[in-house]
Amino acid sequence: GRLSSREDLFFVKQVEDFGNACGTIACLHAIGNCRHVAEMAEGALLETFVREHSDATPEERGRDLLKAEALKGSSDAAATHPAAQTACPARDGPALDHHFAAFVLTPGGRLVELDGTKLAPVDH
């Protein structure tokens, strides 16, 4: 695929200081880019973050995610819940051998890979 897409997508850069945040960022990418087919509850944490950052750059979104304590706390709580399939890695822990990204079908019918560690969305 080629970097970037012709469509306006909600893309978040994974900033270095956040650590192992790829799962949270993948959720933001999925929710932020499926609003044309799924309506999110008013006031939901992820929906609120997406709405409040619709005009921000991907880098600004990544930095602001660091400050979003409710999202960070919810992410950590879900990952450490007994029902989680894997153990929650420490945010400042060793490098991981797995990674989460989102693949979304855009309103224009394009399959786009959204990975906060890449420069931009990848249009497949």
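A brief look at the structure comes next. Keep in mind that what you see is a predicted model, and the values were worked out from it rather than measured.

### Let's talk about empty space enclosed by the protein
Piece 1. Applying the stated criterion to the full structure yields one cavity of 30 Å³ or more.
Piece 2. By volume, the largest cavity is sized at about 30 Å³.
Piece 3. Cys22, Ile25, Phe100, Asp115 and Gly116 are the residues nearest the centre of the largest cavity, which is lined by 13 residues in total.
Piece 4. If you tally residues by element for the lining of the largest cavity, the top one is helix α1 (residues 22-32), at four residues.
Piece 5. For the lining of the largest cavity, a count of residues per class yields seven nonpolar, five polar and one charged.

### As for the packing of α1 against helix α2 (residues 45-52)
Piece 1. The geometry of α1 relative to α2 is characterised by a closest axis approach of 10 Å and an angle of 70 degrees between their N-to-C directions. For the element pair α1 / α2, the angle class is roughly perpendicular. Counting all contacts with α1, which are made through Cys27, Leu28, Ile31 and Gly32, the residues of α2 involved are Leu46, Phe49 and Val50.

### Details of the pattern of salt bridges
Piece 1. Considering all chains together, one arrives at six salt bridges under this definition.
Piece 2. Across the salt bridge formed by Arg35 and Glu47, the nearest N and O atoms sit 2.6 Å from each other. Here Arg35, found in the loop between α1 and α2, pairs with Glu47, found in helix α2; they are twelve residues apart in sequence, far enough to count as distant.
Piece 3. For Glu47, a relative accessible area of 8% gives the class buried.

Rules used throughout
- Per chain, residue numbering runs from 1 following the sequence as it is written.
- With the structure being a predicted model, the display of local features is reserved for residues of pLDDT at least 70 and the display and counting of side-chain atom pairs for 80 or more, all residues being used for whole-chain, interface and lining totals.
- By convention in this description, side-chain values take in all heavy atoms of the structure and omit both hydrogens and water.
- A cavity here means a set of points on a 1 Å grid, drawn over the protein atoms and nothing else, where a 1.4 Å probe fits but cannot get out; a pocket is an open set with protein on both sides within 12 Å along at least five of seven lines, and a residue lines either one if it has an atom within 4 Å of a point.
- Grid points are joined across faces, edges and corners, and a volume is the space filled by probe spheres set on the points.
- Working definition: helices are DSSP H or I runs of at least four residues, strands are E runs of at least two. Numbering for both runs from the N terminus.
- Under the convention adopted here, Pro, Cys and the residues Ala, Val, Leu, Ile, Met, Phe, Trp and Tyr are nonpolar, Asp, Glu, Lys and Arg are charged, and Gly plus all remaining residues are polar.
- With axes taken as lines fitted to C-alpha atoms, and helix axes fitted only over the stretch in contact, angles between N-to-C directions fall between 0 and 180 degrees.
- Geometric relationships in this document are graded by angle, where less than 35 degrees denotes roughly parallel, more than 145 denotes roughly antiparallel, 65 to 115 denotes roughly perpendicular, and other angles denote oblique.
- Residue contacts are defined here by distance: any two heavy atoms, one from each residue, within 4.5 Å place the two residues in contact.
- By definition here, a salt bridge exists when the distance from a side-chain nitrogen of Lys or Arg to a carboxyl oxygen of Asp or Glu is within 4 Å.
- The buried label goes to any residue with under 20% of its type's maximum accessible area, the exposed label to any with over 50%, and the partly exposed label to all in between, with areas taken from a 1.4 Å probe on protein chains only.

Any functional reading would require information that these geometric values do not contain.
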